[in-house]
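Working through the structure, step by step
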Amino acid sequence: MSQSQVDNKSNLNTLDPNWRDDALNLELDYGMQTIAVRAGQHRTDEGEHSEAIFTTSSYVYHSAADAAAHFDGTKTGNVYSRHTNPSVRTFERRLAALENGERAVATASGMGAILTMCLAYLKAGDHLLAANQLFGSSIGLFNNYMAKFGVEVSYVDCFDNEAWAKAVQPNTKVIYCESPSNPLAQICDIGFLSQLCKANEILLVVDNCFATPALQRPLDLGADVVIHSATKYLDGQGRVLGGALVGSDKLMQEAFTVVRSGGISMSPFNAWVFTKGLETLKLRMQAHCHNANQVADFLVNHPNVSIVHFSGLSDHPSHELATRQHHMQGGYGAIMGFEVKPSDTLDSKAAAWHVIDSTQMVSITNNLGDAKTTITHPATTTHFRLSAKERAEAGVKDGLIRLSVGLEDVEDIIKDLARGLDSL
């Protein structure tokens, strides 16, 4: 038999060895923590126990015919790391399993995931309906770039179901929300939005960055696509950038095509970091939420705090909804906003800055979802590019502080916040 005949015969096997079945049989009824530790891995012939990092830009084929089969889709396998990479694929499969989705597509950043969503599911003449309460960069992307290319964009309050229904147009193709939102941790009724979308043939896209699948699975609640900034809790230690989309295989194929063509792909090293981060996600989120509940109780009882935006508080308007949507008992996330009262000598902004600047341990940074507690002033950082009107619509006031509660001893977090609050 000639070498070409051998190569042609080998092409009858349309799956490369490194694309074989998951090391964990996902058809069995495994719990979330088991999935977080073991799902998605494909061991090589080296038999490695920990996931490998495949730092390669390209792949080698057995023959010209084998290369052609990979490129035309006859054979499933790696073509180029802008398209697929084993390390990235492990992260994608593990995250998809955790979110109870068919497939995930990884991107270079969280904003890269949102851009991928826009390019995959919207075109000129379509309408994007989004919540007012969004990360500032998301609003900037929608208003400055999607609108530039002919996509109509409008906003409603995330918690106002009647407003959502009234704002739907014949050309509405995507409803987009964060739940909990940035920076006020407001909650959307995902079940209601799902029914609204299905009745009008609209895609429901939910940013699950703050809750993560450890607390909430939007797909189980009726969403079509889940968005993540993996940079946040999926990593959990503020090390690398990344993003992801999760949903049906059909919708993710459209997203994958955008990532492949646009080069919005995740690096193998970053994917490996995220994969290792997922192993402890549930455990970390339990600890984050435990600390956050105590910090919120401290803040809501402090005389120099006017309001605390945190759905874990029993009198929060979305407490019951959050309790219903979040499957971890007592888990409401660890992001909260709180508004500082002005003093006799300081206006709202100056008072907020005083509290931030008085901290000695808490990190003054715009990142969140870190093991370290972080604090920022949204009006002058994450949302500073928005107009005063846009900030007002998003509820971002001058006295608002966003806090991402970390994993330090909660007594130390509270003491650090009290330094500035007590001295106003």
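A short tour of the structure in this document, coming up. Nothing here was measured: the structure is a model prediction, and the numbers come from that model.

Remarks on the overall build of the chain
The secondary structure content of the chain amounts to 16 helices and 12 strands. In terms of overall size, the chain behaves like a compact globule, its C-alpha atoms giving a radius of gyration of 23 Å where 424 residues would be expected to give roughly 22 Å. With the C-alpha coordinates aligned to their principal axes, the bounding extent of the chain is approximately 90 × 50 × 35 Å. Within the chain, counting contacts between residues at least 6 apart in sequence, those at least 24 apart form 73% of the total. Total accessible area on the chain stands at roughly 18,100 Å², and carbon and sulfur atoms take up 52% of it.

Some remarks on the pairing of strand E1 (residues 103-107)
Side chains on a regular strand alternate between the two faces of the sheet. Along E1, 4 of the 5 residues are buried, which leaves the element largely enclosed by surrounding structure. When E1 meets strand E7 (residues 243-247), the two strands line up antiparallel, connected through 5 bridges. When the sheet's bridge partners are listed, Val105 is paired in E7 with Leu245.

What about the environment of Val410?
For Val410, the position within the fold is in helix H16 (residues 410-422). Val410 has contacts with Asn291, Gln294 and Val295, leaving out every residue within four places of it along the chain.

Thoughts on the side chain of Gln186
Turning to its location among the elements, Gln186 is positioned in the loop between strand E4 (172-178) and helix H8 (190-200). Within the structure, Gln186 has its side chain in polar contact with the side chain of Gln133 (distance 3.4 Å). Gln186 has contacts with Gln133, Cys158, Phe159, Glu178, Ser179, Pro180 and Ser181, leaving out every residue within four places of it along the chain.

Procedures and definitions
- By convention here, each chain's residues receive numbers from 1 onward along its written sequence.
- Under the rules for a predicted model, residues below a pLDDT of 70 receive no local features and side-chain atom pairs below 80 are neither given nor counted, while totals for whole chains, interfaces and linings still include all residues.
- Side-chain metrics in this entry use all non-hydrogen atoms of the structure; hydrogen atoms and water are not considered.
- Counting from the N terminus, the helices are the DSSP runs of H or I reaching at least four residues and the strands are the DSSP runs of E reaching at least two.
- When we talk radius of gyration, it's over C-alpha atoms, and the globule rule is simply 2.2 Å times the number of residues to the 0.38.
- Contact definition: two residues touch when any of their heavy atoms are within 4.5 Å.
- We get accessible surface area from the Shrake-Rupley algorithm with a probe of 1.4 Å; when it comes to residues, only the shown protein chains can shield them.
- Working definition: with a 1.4 Å probe on protein chains only, accessible area under 20% of the residue-type maximum means buried, over 50% means exposed, and in between means partly exposed.
- Two strands form a pair only when DSSP identifies at least two bridges running between them.
- Pairs of N or O atoms are called polar contacts if they sit within 3.5 Å, as long as, within protein, a hydrogen donor faces a hydrogen acceptor (for residues adjacent in sequence, only side-chain-to-side-chain pairs).

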